[in-house]
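The chain contents come next:
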Amino acid sequence: PALAAEPLLVEAKPSVVVSYADLDLSTPQGKRLLERRLGGAIEQVCGSYANAREDADQLRVDDCRAEARHSINRQLA
């Protein structure tokens, strides 16, 4: 039929919400705590190098972390 279409493949990327409402980002301590939370979120989404035994796994973690950091920087800008 004329209305039939190919299905679309949507790849949903994992995400984590990082709260910072309780932090005072005008202080060095608040900025450090936010960075610590962001680092934990990146590891949660991308995994750990400790579990990346093969080179391909390490590259996947590298790529994921770079993409996550880019996304974070874009949102913080």
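Residues numbered from 1 in each chain as written. Predicted model: local features only at pLDDT ≥ 70, side-chain atom pairs only at ≥ 80, totals over all residues. Heavy atoms only, no water.

Novice: What am I meant to see in the overall build of the protein here?
Specialist: Summing up its helical and strand segments, the protein has 2 helices and 0 strands in all. Looking at the 77 residues of the protein, the share that counts as buried comes to 16%. Considering only contacts in the protein between residues 6 or more positions apart, those separated by 24 or more positions represent 28%. In the structure as shown, the protein presents an accessible area of about 6500 Å², 55% of it carried by carbon and sulfur atoms. (Helix = DSSP H or I, 4+ residues; strand = E, 2+ residues; numbered from the N terminus. Buried < 20%, exposed > 50% of the residue type's maximum accessible area, 1.4 Å probe, protein only. Contact = heavy atoms within 4.5 Å. Areas by Shrake-Rupley, 256 points an atom, 1.4 Å probe, with all protein chains shown as cover.)

Novice: Any chance you could explain the packing of helix α1 (residues 28–46) against helix α2 (residues 55–76) here in plain terms?
Specialist: Each pair of packed helices can be summarised by the angle the axes make with each other and by the distance between the axes. Between α1 and α2, whose axes approach to 10 Å, the crossing angle comes to 140°. By the criterion of interaxial angle, the relationship of α1 to α2 is oblique. The crossing of α1 and α2 is right-handed. Contacts between α1 and α2 involve E35, L38, I42, E43, V45 and C46 from the first element and R60, V61, C64, R65, A68, R69, I72 and L76 from the second. In terms of residue class, the contact of α1 with α2 is made up of 9 nonpolar, no polar and 5 charged. (Axes fitted to C-alpha atoms, helices over the stretch in contact; angles between N-to-C directions. Parallel < 35°, antiparallel > 145°, perpendicular 65-115°, else oblique. Left-handed = near helix turned anticlockwise from the far one by under 90°. Nonpolar A, V, L, I, M, F, W, Y, C, P; charged D, E, K, R; others polar.)

Novice: For this particular structure, what's the right way to read the side chain of S48?
Specialist: Position of S48 relative to the elements: it lies in the loop between α1 and α2. A distance of 3.0 Å separates the side chain of S48 from the backbone nitrogen of A50, its partner in a polar contact. Here S48 is in contact with E43, V61 and R65, once residues within four sequence places are set aside. (Polar contact = N/O pair within 3.5 Å; in protein donor to acceptor, adjacent residues only side chain to side chain.)

Novice: Looking at this structure, how should I read the environment of I72?
Specialist: You can see I72 is positioned in helix α2. It is 8.2 Å that separates the C-alpha atoms of I72 and L38, two residues lying 34 residues apart in sequence. When near neighbours in sequence (up to four residues on either side) are disregarded, I72 contacts L38 and I42.

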